[in-house]
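Listed here are the chains, written in short residue letters.
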There are 2 protein chains.
Amino acid sequence: MSASTPYTKINQELLLQIKAVVGAENVFTEQAILEDYNHDETEDLRYNPEVVVKPVDTAAVSALLRLCNENHVPVTPRGGGTGLSGAALPVFGGVLLSMERFKSIISIDMDNLQATLEPGVITEEFMNAVAEKGLLYPVDPSSKGSCFIGGNVAHGSGGPRVVKYGTIREYILNLEVVLPTGEIIWTGANTLKYASGYNLTQLMIGSEGTLGVVTKIVTKLIPRPQLSVVMLGSFLENEQACAAVSAIFRAGVIPSALEFMERRGVEWVIRFDNIKFDLKDDIQAFLMIEFDGNDMDVLLRDCERVNEVLEQFGCTEVLLADTAQQKEDLWRMRRTMAESVKSNSVYKEEDTVVPRAALPQLINGIKEIGSRYGFESVCYGHAGDGNLHINIIKAGMSDEDWKNKLKDGIRELFQLTADLGGTISGEHGIGLVQKEFMSIKYSEINLNLMRGIKMVFDPNRIMNPGKIF
Amino acid sequence: MSASTPYTKINQELLLQIKAVVGAENVFTEQAILEDYNHDETEDLRYNPEVVVKPVDTAAVSALLRLCNENHVPVTPRGGGTGLSGAALPVFGGVLLSMERFKSIISIDMDNLQATLEPGVITEEFMNAVAEKGLLYPVDPSSKGSCFIGGNVAHGSGGPRVVKYGTIREYILNLEVVLPTGEIIWTGANTLKYASGYNLTQLMIGSEGTLGVVTKIVTKLIPRPQLSVVMLGSFLENEQACAAVSAIFRAGVIPSALEFMERRGVEWVIRFDNIKFDLKDDIQAFLMIEFDGNDMDVLLRDCERVNEVLEQFGCTEVLLADTAQQKEDLWRMRRTMAESVKSNSVYKEEDTVVPRAALPQLINGIKEIGSRYGFESVCYGHAGDGNLHINIIKAGMSDEDWKNKLKDGIRELFQLTADLGGTISGEHGIGLVQKEFMSIKYSEINLNLMRGIKMVFDPNRIMNPGKIF
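Residues numbered from 1 in each chain as written. Chains lettered and ligands numbered in written order. Predicted model: local features only at pLDDT ≥ 70, side-chain atom pairs only at ≥ 80, totals over all residues. Heavy atoms only, no water.

### Description of the overall build of chain A
Okay, step 1: Helix and strand content of chain A: 17 helices and 18 strands.
Okay, step 2: Residues counted as buried form 63% of the 469 residues belonging to chain A.
Okay, step 3: When contacts within chain A are restricted to residue pairs at least 6 apart in sequence, those whose partners lie at least 24 apart make up 73%.
Okay, step 4: Within the structure as shown, chain A displays about 16100 Å² of accessible surface, and the carbon and sulfur contribution to it stands at 47%.
Okay, step 5: For chain A, the centre of its 45 positive side-chain charges and the centre of its 62 negative side-chain charges are spaced 3 Å apart. (Helix = DSSP H or I, 4+ residues; strand = E, 2+ residues; numbered from the N terminus. Buried < 20%, exposed > 50% of the residue type's maximum accessible area, 1.4 Å probe, protein only. Contact = heavy atoms within 4.5 Å. Areas by Shrake-Rupley, 256 points an atom, 1.4 Å probe, with all protein chains shown as cover. Lys, Arg positive; Asp, Glu negative; His and termini not counted. Charge placed at Lys NZ, Arg CZ, Asp CG, Glu CD.)

This is the structure:
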């Protein structure tokens, strides 16, 4: 934000106007509520908005944006508040636009295998609703129990099943979007193919609320596979577990999930989440591999192939989980890992992604950089996509170093990621906290194209200012 | 193009400069060559360029664009020349930029299941090259034997396997692009996930050469399924064949192709392509359904399920092709249909796409509109995606009506498509010939966003002017 385009503070007159267009009962200025909405799940960052607005329909969002645009008031859209990049933080104050009242699953169209829903629907509730009808919506980030699908769209979310099913990009067909001017558009069509000009749907996905506000979402759904099996392979070394990942695909199979977990992550979930697991002394890392489908013989044959691959990489033991309880236990271990680490240490989370064969170099590089800077790390994530979440643990680092020197270490980490052909976020987004690292991977030309696109949609820069670039 | 920003004609001095930057041996002004490049496969449209340029590398493309940008010379990129929307027609003259010398498959990375290649590689040659290594690149438009993968990127291409594998959007990871300024960028990263700002890769896909020139392409590859079976179901009525399509998915299966063919299309391939097929008198339409995978029992079980569905929709006969020859014969029938119709009548092709349960309404609507306007039609296409190609046949229509009244009929057709939740192109693009219909589906607000994005990339509007909007 340049000094020459200051934002307007919300005075009493403007507040009355906001109340007039969205309904006074949907506008909140109490300190306690401002504080409820001044943070997401990103580290310990807090920025109070001037007002929290919870509109009830598209017309209200439209009127609100029009008013804010005319008055140069910044608007920060917010989904479930589970973001890890600070994209929902109202760093310039202004309006915090919570989409929590957009909670309707408008339709599940069994003829077309499509659903239309509002952005405030919790991802897992949507998944369950379509599962009841025998369908699958496979985009399930770890936060699925509390994140909103609108936030998933804004961040181009992934999750463990991307490796087989693709990211949210492959499931969003069409979006109703309110532009900063208050104009309402549909970005595309409710079709599986689209070659009708620039793909505004794809442009909105991952734009982190900087171009407009999504108010309706049309998704693709697919038939739900009936069966699944989960394998857990134990490894003596991180590097070998990581090296096995790309070999699994070379064996000609496509798992529905392929997760890496470092020993330390498993230790933390055992300690803090009361999960029972027999953790052997010499084991350094795990791969959790899921196959789904409709034929158990096929799934077991795929498991057998993977087993042969794992043996070549020093895997000492393979557990096969085929009961619902066994599978759920393993998934719970993986899913609670982030929470467990975060609740019990000072940490920063980085969301690296590289071509998957580069994972061994990435994990070795992380440890090497950590040893030089004095931080520890717990790594886990969607290894099948080359997507590794790195929880950086303060450990013995001084407060001074944590505050000042760590940034250089993180910069080295992202430089490594970029050198390996990767990027600085696979699924968490850039938001506020990764912004300063964008230039490691992207040229000023790229960033200027993004800035130019931003200005086409939002010339007054009211939409989620201070994010991405 | 407004009158206030005329393009510069290429005079002798400019021609010398072009020769200086790309090599004189790569610049052509002979009338015969201009005529070779004055058309694509779109109807009978012809526009001569002023010069044909065939650069050999990215640096030459960069220098050429910089020169053209500085001098306001329009540049029309061209792939294999197989386009059906006129996107490769140099309607303002200027430079025809043929990418035919970008023919290198730079690498097929077996560790990461990725390939890097140049845009002038013929799609089928690339498919074959990866197939030899046991991998699948599944995006195979009917023109795969002559189209370029760069053209496929420019049009967001699909083909029959989209129904299981998705469009080219799901396989393009990263693009090297020369901007009109001559600047060279990579749009993203070589990763399966990407949440690092606006997705410029996705924006380039389907932009039809209006934003820049793609000079390198990084694709995702997947393990190649070992087995396939093809079924051909015969129907007494178009409507019932179309109605069966969505029911197939409701049965919980995902075919690797699901094609609709109208009787008349089959008649034409029998007559003109010398294909042997026992076409029964009462049959009006066919569904061709393919399953692929690695287990024949599973494929046959899926076929059995589909069989049960087809019976409910008046399917009178199902052929099961499982030998390579039988499968190839059926696919050849489907693939040569467009060619056969086009070679033997005055026609126009429209590329409609709707939510697939709307196919019966679409096909009935096409015939009804045709009966009012006096044109006939042959319909076929990727019914599993709701994507129907409509070959409009002049038949008894007068030259006068064909020239003047038909447009109104096509407009009605696209209005129907839009009313059914569809769009005016599923995979052929907008180019020149669908441009006037964009407003049926997209508001002026949408179009202005597209125009704004165009201006960010290409303020002098040199890149493929006159297309999309």
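### Some remarks on the sheet that holds strand β8 (residues 172–178) of chain A
All names here are of chain A.
Okay, step 1: The strand order β5-β6-β10-β8-β9 describes an open sheet built from 5 strands, whose pairing is antiparallel. Each of the sheet's edge strands pairs with one partner strand only, and the pair in question is β5 (105–109) and β9 (184–186). On average, adjacent strands in this sheet sit at an angle of 10° to one another, irrespective of strand direction.
Okay, step 2: Examined bridge by bridge, β8 and strand β10 (residues 213–220) share 6 bridges and lie antiparallel to one another. Residue pairing in the sheet places Glu176 in a bridge with Lys216 of β10.
Okay, step 3: Across the sheet, helix α4 (residues 123–131) is in contact with β5, β6 (114–117) and β10; its angle to β5 comes to roughly 35°. (Pairing = 2+ DSSP bridges. Axes fitted to C-alpha atoms, helices over the stretch in contact; angles between N-to-C directions.)

### Quick notes on the packing of helix α8 (residues 238–250) of chain A against helix α10 (residues 296–311) of chain A
Residue and element names in this part refer to chain A.
Okay, step 1: Where α8 contacts α10, the two axes come as close as 9 Å, and the packing angle between them is 140°. Comparing the axis directions of α8 and α10 gives the class oblique. The handedness of the crossing between α8 and α10 comes out as right-handed. Contact residues: α8 offers Ala244, Ala247 and Ile248, while α10 offers Val306, Val309 and Leu310.
Okay, step 2: Broken down by class, the residue content of the contact of α8 with α10 amounts to 6 nonpolar, no polar and no charged. (Parallel < 35°, antiparallel > 145°, perpendicular 65-115°, else oblique. Left-handed = near helix turned anticlockwise from the far one by under 90°. Nonpolar A, V, L, I, M, F, W, Y, C, P; charged D, E, K, R; others polar.)

### Description of the interface of chain A and chain B
Okay, step 1: Across the boundary between the two partners, chain A contributes 84 residues, which contact 84 residues of chain B.
Okay, step 2: Surface buried jointly by chain A and chain B totals about 6300 Å² across both partners, of which 61% is contributed by carbon and sulfur atoms.
Okay, step 3: The largest per-residue losses of area from chain A upon contact with chain B belong to Lys193, Tyr198 and Leu449 of chain A, which jointly make up 15% of the total buried on that side.
Okay, step 4: Between chain A and chain B we count 8 salt bridges in total.
Okay, step 5: Here Glu427 of chain B and Lys193 of chain A are joined by a salt bridge, their closest N and O atoms 2.9 Å apart. (Buried area = accessible area lost by both parts, 1.4 Å probe. Salt bridge = Lys/Arg side-chain N within 4 Å of Asp/Glu carboxyl O.)

### Concerning the side chain of Thr201 of chain A
Okay, step 1: Structurally, the position occupied by Thr201 of chain A is in helix α7 (residues 200–204).
Okay, step 2: Among residues more than four places away in sequence, those in contact with Thr201 of chain A are Ile172, Leu173, Asn174, Leu175, Thr187 and Gly188 of chain A.

### Examining helix α17 (residues 444–457) of chain B
Okay, step 1: With 14 residues, α17 of chain B should cover 20 Å at 1.5 Å per step; its first-to-last C-alpha distance of 20 Å lies within 8% of that length.
Okay, step 2: Buried within α17 of chain B we find Asn446, Leu447, Leu449, Met450, Gly452, Ile453, Lys454 and Phe457 of chain B.
Okay, step 3: Packing partners of the buried residues in α17 of chain B comprise β9, α7 and α17 (444–457) of chain A together with α7 (200–204) and α16 (438–441) of chain B. (Expected span 1.5 Å × (residues − 1).)

### So, the sheet that holds strand β10 (residues 213–220) of chain B
Two pairing modes exist for strands in a sheet, parallel and antiparallel, and in both the strands are linked by backbone hydrogen bonds.
Residue and element names in this part refer to chain B.
Okay, step 1: Sheet architecture is open: 5 strands sit in the order β5-β6-β10-β8-β9, paired in antiparallel fashion. Of all strands in the sheet, those with a lone pairing partner are β5 (105–109) and β9 (184–186), marking the two edges. For this sheet, the mean inter-axis angle between neighbouring strands, taken without regard to orientation, is 10°.
Okay, step 2: Two elements, strand β6 (residues 114–117) and β10, share 4 bridges in a ladder whose sense is antiparallel. Its bridge partner being in β10, Thr116 is matched across the sheet by Val218.

### Things to note about the nonpolar core
Okay, step 1: The biggest cluster of nonpolar side chains holds 188 residues, and the ones touching the most others in it are Leu287 of chain A together with Leu287 of chain B.
Okay, step 2: Here Leu287 of chain A is in contact with Met231, Leu232, Gly233, Phe235, Ala241, Ala244, Val245, Ile248, Leu258, Glu259, Phe260 and Leu310 of chain A, once residues within four sequence places are set aside. (Core = buried A, V, L, I, M, F, W, Y, C linked by side-chain atoms within 4.5 Å.)

### Brief notes about the relation of the copies chain A and chain B
Okay, step 1: Mapping chain A onto chain B is achieved by rotating through 180° and translating by 0.0 Å along the same axis, at an RMSD of 0.0 Å. On the angle and the small slide along the axis, the relation comes out as a two-fold axis. Closest to the rotation axis within chain A is the C-alpha of Ile453 of chain A, separated from it by 2.9 Å.
Okay, step 2: When the interface residues of chain A are mapped onto chain B, 100% of them again lie at the interface, so the same face is used by both copies. (Least-squares fit on C-alpha atoms with pLDDT ≥ 70 in both.)

### Quick notes on the environment of Asn26 of chain A
All names here are of chain A.
Okay, step 1: Counting through the fold element by element, Asn26 comes out in the loop between α1 (12–22) and β1 (27–28).
Okay, step 2: What makes Asn26 buried here is its relative accessible area of 4%.
Okay, step 3: Setting aside residues up to four positions removed in sequence, Asn26 forms contacts with Val52, Val53, Lys54, Val56 and Arg101.

### Side note on unusual backbone geometry
Okay, step 1: Within the chain, Glu208 of chain A stands out as a residue other than glycine whose phi angle is a positive 55°.
Okay, step 2: Along the chain, Glu208 of chain A falls in the loop between α7 and β10.

### Some details on the pattern of salt bridges
Residues and elements named next belong to chain A.
Okay, step 1: As enumerated under the stated definition, the model contains 52 salt bridges over all chains in all.
Okay, step 2: With its nearest N and O atoms 2.6 Å apart, the salt bridge here joins Glu368 to Arg372. A residue pair is termed a helical-turn pair when its members lie 3 or 4 positions apart in one helix, as Glu368 and Arg372 do in helix α13 (residues 359–373) at 4 residues.
Okay, step 3: Here Arg372 falls in the partly exposed class, since its relative accessible area comes to 44%.
Okay, step 4: Residues joined in a network through salt bridges with shared partners are Glu124, Asp140, Lys144, Arg161 and Arg335.

### Here's the deal with the state of the cysteines
Okay, step 1: What the rule picks out here adds up to 0 disulfides over all chains.
Okay, step 2: Between Cys242 of chain B, a free cysteine, and Cys379 of chain B, which holds the nearest cysteine sulfur, the sulfur-to-sulfur gap is 8.2 Å. (Disulfide = S-S within 2.5 Å.)

### Some details on helix α10 (residues 296–311) of chain B
Residues and elements named next belong to chain B.
Okay, step 1: Compared with the 22 Å implied by 1.5 Å per residue over 16 residues, the 22 Å span of α10 between its first and last C-alpha is a close match.
Okay, step 2: Packed against the buried residues of α10 are β12 (227–235), α8 (238–250), β14 (285–293) and β15 (315–321).
Okay, step 3: The backbone nitrogen of Asp297 lies 3.0 Å from a side-chain oxygen of the residue at the head of α10, namely Asp295. (Polar contact = N/O pair within 3.5 Å; in protein donor to acceptor, adjacent residues only side chain to side chain.)

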